[in-house]
Amino acid sequence: MPSKTEKPPIEVVNIDSSDDEEDDSVTTAQKSSNPKTALKTQSTSQLVSPADQKLEFRSFWKAGRLDVGPTSRKPLPVVDLEHARVHPKFLHSNATSHKWAFGAIAELLDNAVDEIHNGATFVKVDKVVIAKDNSPALVFQDDGGGMDPAALRKCMSLGYSSKKSNTTIGQYGNGFKTSTMRLGADVIVFSRATRGSKAFQSVGLLSYTFLRKTGQDDVIVPMIDFDISGHWAEPIIYSSQDDWSSNLKTILEWSPFTSKDELLQQFEDIGPHGTRILIYNLWLNDEGVYELSFDDDDEDIRLRDEASCGDQIKLSKKIAELQSHISYCIRYSLRAYASILYLRKFTNFSIILRGKPVQQFFIAEDLKFAKTINYRPQLAVTSNEATVETTIGFIKEAPSLSVCGFNVYHKNRLIRPYWKVTGGGHSKGFGVVGVLEANFVEPAHDKQDFERSSLFIRLESKLKQILMEYWNKNCQLVGHQPPGSRSHYVPKEHGAKFQKQLPSNQHDVSLSADFQGGNLDQGNYLAEEPPIGFAAGSSVEVISENIGSMSVEQICDENLKLFMRCEEHGQKETELRKTIGELEKELEQAKMKCAQLSAHLETRKKQKIMKQQTEKVL
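Residues numbered from 1 in each chain as written. Predicted model: local features only at pLDDT ≥ 70, side-chain atom pairs only at ≥ 80, totals over all residues. Heavy atoms only, no water.

### Let's talk about the overall build of the protein
Inclusion rule: Only DSSP runs of H or I covering at least 4 residues are called helices, and only runs of E covering at least 2 are called strands; the numbering of each starts at the N terminus. The Shrake-Rupley method, run with a 1.4 Å probe sphere, supplies the accessible areas, and residue values consider only the shown protein chains as cover.
From N to C terminus, the protein includes 15 helices and 22 strands. Summed over all atoms, the accessible surface of the protein reaches about 32,500 Å², with 51% contributed by carbon and sulfur.

Here is the structure:
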C-alpha cells in the first residue's frame, strides 16, 4: 500500500505571477494544507491536450515572443491572491541572463562541484538521444548527496538557496532554473538521497513546452516522490492517490519517458545517492540547427556558431595559431572552457565530458618569466584587509601571439577570462597574462562578469598598474624593445640623403603599426624620445642591417638572440667588475704588507748598524 505522510509545503509547484495580458485567466487552484505558502498544489487532470497548441519558436532568443490565446479557466478568486504570481514567460526572460550556452553549463557544473563536501567524486556531462523523436538531449549526473523531496522543491523554486558556506559557488538560488532553461525548453530531474534512516528518490519536471502548450499562466512543476527505505519504492502520498497519479501522468506525457518503469530505470545509473538532470528540446540557432554541436568532436561539445567562425575562409598561419590557443578555444569548446573553469586542482573529483575526463589546465603554470605580486584591496572600515596574489607572466608563444589579459576567479570559479585591462589598440602588454582570485568583489548573476562596484573599479586600475610595471621591466625578455632604450634615428626629412650614404647591403625600413599582421608595433622598436639633437615629435625611421627581406618571426628571433647575448656579456661584465674589485682589494693588502715588511727590514738594518758600531767602541 502506498504510504501516506504529512503533507509538505509543495506537491506540484505552482508559482503564480501577474501578467499584462487581459485575456489570460486561471482556474481555482487546490489549496495547500498551508494556505499562506507561495508554492501550492494543483491538479493537472484538466490540462489542454498538447495537440491543441503548437510551440512556434525553437530558437531560444525568440521563444519569449510566443503568445498563447485565452483559456477557458475561471478567474482566480480574490481570496487566493495572497502572493505574487510568476508567469511561465518569466522562465524564459530569467534565462536570458546567460548570454552564451557555456555560461549556463558552468552553472550546472558549479552545483556538482559544490557537492564535493557531500562526497561527490565526479560529474558526467554527455549527450543522449530521446527515443520519442530521435532528438539530442544533455545529461548532467553527479554522485553527490542528492536531494530529498523538500530539497528538490526548493531547487525548483525561484530565488531559494540553501548554500550559506563561504566556499560554495552558488548563492542566488537561481542558477538551476536559468541554466536549464537557457539550454533547452524542458528539464527533468532525478535525485536520490538518504536522510537519517530514510531513503528517498524524487522526480521533478520543469517544462516550458508543457506550460506554454497547455496555456498555463502559473509555473506548475509536477513532482513525485518515493520512499525507498524498504525493499521496493513506495509512492509518498501527500494529499490523495489521484493527485499523485495526476502528477505521474503529466510527467509521462511531457517527458521523454512513456512508462513508470522507464522513468524509474533512470535511478539505476545514479546509485545510492546523486542527481541526474536531463535537458531536452534543446534550443536552435537562427538557422534552425542546434546551438550545441555534438558531431564535430566525439569527446567534446561545441558551440556551433563560434566553432564555424573562419571555417569558410582560408586562415593565415598567424590567425590559425591564434585560434589554436586556449584563450580562443574556450569560446567554442566546452572541454577547453571546463579545463580552466576552476582555479585549484581537484584532488578526488573529475569532470567527465562525453566519457573522457577533462584535464585541468592551470594558466599560471604555463607562463614564462612568471612573478607573484600581492595586492591588498581597501575594503570597508569594519572589514579585514585581504591579500590578493596575482601571478603574471608571458605566454609561451610570446611575442608571436597577441594574447593578453587577466583571468579573474571568484571562489575558485573563473568569472572573467583573459580580461584586457588596457585600452584597445595598445600594444603594451601583448603576451602578458595574469591569474588571480578576487573574492572581495561580487560576480554578476550569470557569473560571467563582476558587478561594477567601487571595489571592482579600483581592482581594474590596480591591474593596469601591475601590467604596465611588469611590461616595462620584462618586455625585453621576449624580444620587445625596452622602454627608454634608443635605436638609430634619422629625421624623416633627411632619410633619402642618409640612405644614399648607406652601403648596398643596408636598407631604410619603416615599420607599420601592426607589422604586417603581427602583434609587434612601431612603439616596441622605437625609443620613447628622440636622440639628442633631433626635435621632439619629429618623424623618425629605423635604420637596420639586412632586415628588408626578413619575416617578423625572424626579426623577433634575432632580436631575442641579441638580447640574450647582451645579457651574457652583461653578466660577464659584472663578474669581471667583481673580480677587479677583489684583485684591487688584494693589491691594497699586498701593498700594505709590503710597506710593513719594508719598515721592518729598515728597522732591522738600523739595529744591525748600531750593534756593529757598539762592538767597535768596545
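### Points about the packing of helix 3 (residues 101-114) against helix 5 (residues 175-183)
Note the threshold: Fitted lines through C-alpha atoms give the axes, limited to the stretch in contact for helices. The angle between two N-to-C directions lies from 0 to 180 degrees. The cut-offs work like this: below 35 degrees is roughly parallel, past 145 is roughly antiparallel, 65 to 115 is roughly perpendicular, and the gaps in between are oblique. We call a crossing left-handed when the near helix sits turned anticlockwise from the far one by less than a right angle, and right-handed when that turn is clockwise. We call two residues in contact whenever any of their non-hydrogen atoms come within 4.5 Å of each other. Note on residue classes: Ala, Val, Leu, Ile, Met, Phe, Trp, Tyr, Cys and Pro are nonpolar, Asp, Glu, Lys and Arg are charged, and everything else, Gly too, is polar.
Viewed as axis vectors pointing N to C, helix 3 and helix 5 meet at an angle of 140°, and their least axial separation amounts to 8 Å. As judged from the angle between their axes, helix 3 and helix 5 are oblique. Crossing angle aside, the handedness with which helix 3 passes helix 5 is left-handed. Across from Ala101, Ala104, Ile105, Glu107, Leu108 and Asn111 in helix 3, the residues of helix 5 making contact are Gly175, Phe176, Ser179, Thr180, Arg182 and Leu183. A breakdown of the residues in the contact of helix 3 with helix 5 according to their chemical character gives six nonpolar, four polar and two charged.

### A look at the sheet that holds strand 16 (residues 388-395)
To keep things clear, this is the line we draw: Strand pairing requires that DSSP identify at least two bridges connecting the strands.
What the five strands build is an open sheet, ordered 15-16-19-17-18; its pairing is mixed. The open sheet terminates on both sides in strands that have one partner only, identified here as strand 15 (367-375) and strand 18 (413-419). Shown here is a sheet whose adjacent strand axes are inclined to one another by a mean of 15°, direction ignored. The pairing of strand 15 with strand 16 spans seven bridges and is antiparallel. Paired with Tyr375 across the bridge in strand 16 is Val388.

### Considerations on the pattern of salt bridges
Our working rule: Any Lys or Arg side-chain nitrogen found within 4 Å of a carboxyl oxygen on Asp or Glu counts as a salt bridge. Only protein chains enter the accessibility calculation, which uses a 1.4 Å probe; a residue whose area is less than 20% of its type maximum is buried, one above 50% is exposed, and one in between is partly exposed.
In this structure the tally under the stated criterion is 15 salt bridges. Across the salt bridge formed by Asp126 and Arg354, the nearest N and O atoms sit 4.0 Å from each other. You can see Asp126 sitting in strand 3 (residues 122-130) and its partner Arg354 sitting in the loop between strand 13 (350-353) and strand 14 (356-357), a full 228 residues away along the chain. Looking at Arg354, the relative accessible area reads 16%, which means it is buried. Among the salt bridges present, the one from Asp300 reaches Arg302, with a minimum N-O distance of 3.7 Å. The class for Asp300 is buried, based on a relative accessible area of 3%. Overlapping salt bridges bring together Asp297, Asp300 and Arg302 as one network.

### Things to note about the nonpolar core
What counts, and what does not: For our purposes a nonpolar core is just a set of buried Ala, Val, Leu, Ile, Met, Phe, Trp, Tyr and Cys residues, chained together by side-chain atoms within 4.5 Å.
By size, the foremost hydrophobic cluster in this structure holds 118 residues, and its most contacted members are Leu138, Phe140, Leu183, Ile188, Leu263, Ile279 and Phe440. Per element, the largest residue contribution to this core is nine residues, and it comes from helix 3. Setting aside residues up to four positions removed in sequence, Leu183 forms contacts with Ala101, Ala104, Ile105, Leu108, Leu138, Phe140, Ile279, Leu282 and Trp283.

### Let's talk about the packing of aromatic side chains
As a reminder of what qualifies: Stacked, tilted and edge-to-face pairs are distinguished by plane angle, under 30 degrees for stacked and over 60 for edge-to-face with tilted covering the rest, among Phe, Tyr and Trp rings (Trp via its six-membered ring) whose centres lie within 6.5 Å.
Evaluated as defined, the whole model comprises 15 aromatic pairs. When the centroid spacing of 5.2 Å and the interplanar angle of 70° are considered together, the rings of Phe346 and Phe349 count as edge-to-face. By relative accessible area, which is 6% here, Phe349 ends up buried. When the centroid spacing of 6.4 Å and the interplanar angle of 55° are considered together, the rings of Phe394 and Trp471 count as tilted. Taken as a pair, Phe394 in strand 16 and Trp471 in helix 13 (residues 454-474) lie far apart in primary sequence, 77 residues in all. Of the residues examined, Phe394 reaches a relative accessible area of 0% and is grouped as buried. Residue classification places Trp471 among the buried positions, given a relative accessible area of 1%. Here a set of aromatic residues connected by ring pairs shows up, and it is made of Trp100, Phe102 and Tyr337.

### Side note on unusual backbone geometry
Leaving glycine aside, a negative phi is the common case for residues, and trans is the common case for peptide bonds. That bond from Ala398 to Pro399 is cis: its omega, 5°, falls within 30 degrees of zero. Considering the arrangement of structural elements, one finds Pro399 in the loop between strand 16 and strand 17 (405-410). For Asn281, which is not glycine, the phi dihedral falls at a positive 50°. Residue placement: Asn281 occurs in strand 10 (residues 274-282). If you check the backbone angles, Phe369 has positive phi at about 55° while not being a glycine. Residue position: Phe369 is located in strand 15. Residue classification places Phe369 among the partly exposed residues on the basis of a relative accessible area of 38%.

### Concerning the environment of Ala104
Relative to the helices and strands, Ala104 is located in helix 3. With 344 residues separating them along the chain, Ala104 and Gln448 place their C-alpha atoms 9.9 Å apart.

### Here's the deal with the environment of Ser157
Locating Ser157 in the fold gives a position in the loop between helix 4 (149-156) and helix 5. For Ser157 and Val219, which are 62 residues apart along the polypeptide, the C-alpha to C-alpha distance reads 9.7 Å.

### Remarks on the environment of Ser59
With respect to the helices, strands and loops of the structure, Ser59 is situated in the loop between strand 2 (13-16) and helix 1 (60-63). Between the C-alpha atoms of Ser59 and Leu284, which are 225 residues apart in sequence, the distance is 4.6 Å.

### Quick word on the confidence of the model for the protein
Regions with low pLDDT carry predicted coordinates that are not meant to be interpreted in detail. What counts here: The predictor's confidence in any single residue is recorded as pLDDT, a number from 0 to 100.
On average, the protein scores 77 in pLDDT, and the residues at 70 or more come to 70%. At the low end of the mean pLDDT range in the protein sits strand 21 (residues 506-509), at 40; at the high end sits strand 13, at 98. Note on residues 15-55: pLDDT is under 50 here. Beyond four places in sequence and across chains, it has 119 contacts. In this model residues 487-545 is a low-confidence stretch, pLDDT under 50, and it forms 88 contacts with partners more than four residues away in sequence or in other chains.

### Overview of helix 7 (residues 241-254)
Selection criterion: In a helix, the anticipated span is given by 1.5 Å times the number of residues less one.
In this model, helix 7 (14 residues) spans 20 Å end to end at C-alpha, consistent with the 20 Å of a helix rising 1.5 Å per residue. The set of residues buried in helix 7 consists of Asp243, Trp244, Ser246, Asn247, Leu248, Thr250, Ile251, Leu252 and Trp254.

### Concerning the pairing of strand 17
Residues in a regular strand point their side chains to alternate faces of the sheet. In terms of burial, strand 17 is largely enclosed, as six of its six residues are buried. Where burial is concerned, the two faces of strand 17 agree: the one with Gly405, Asn407 and Tyr409 and the one with Phe406, Val408 and His410 are both buried. Across five bridges, the pairing between strand 17 and strand 19 (residues 432-437) is parallel. Paired with Gly405 across the strands is Val433, a residue of strand 19. Two strands pair when backbone bridges link them, and strand 17 and strand 18 are joined in this way by four bridges, in the antiparallel orientation. Counterpart to Phe406 in the pairing with strand 18 is Trp419.

### What to know about helix 3
Between its first and last C-alpha, helix 3 extends 20 Å over 14 residues, near the 20 Å set by a 1.5 Å rise per residue. Burial analysis of helix 3 places 13 of its 14 residues in the buried class, which makes it a mostly covered element.

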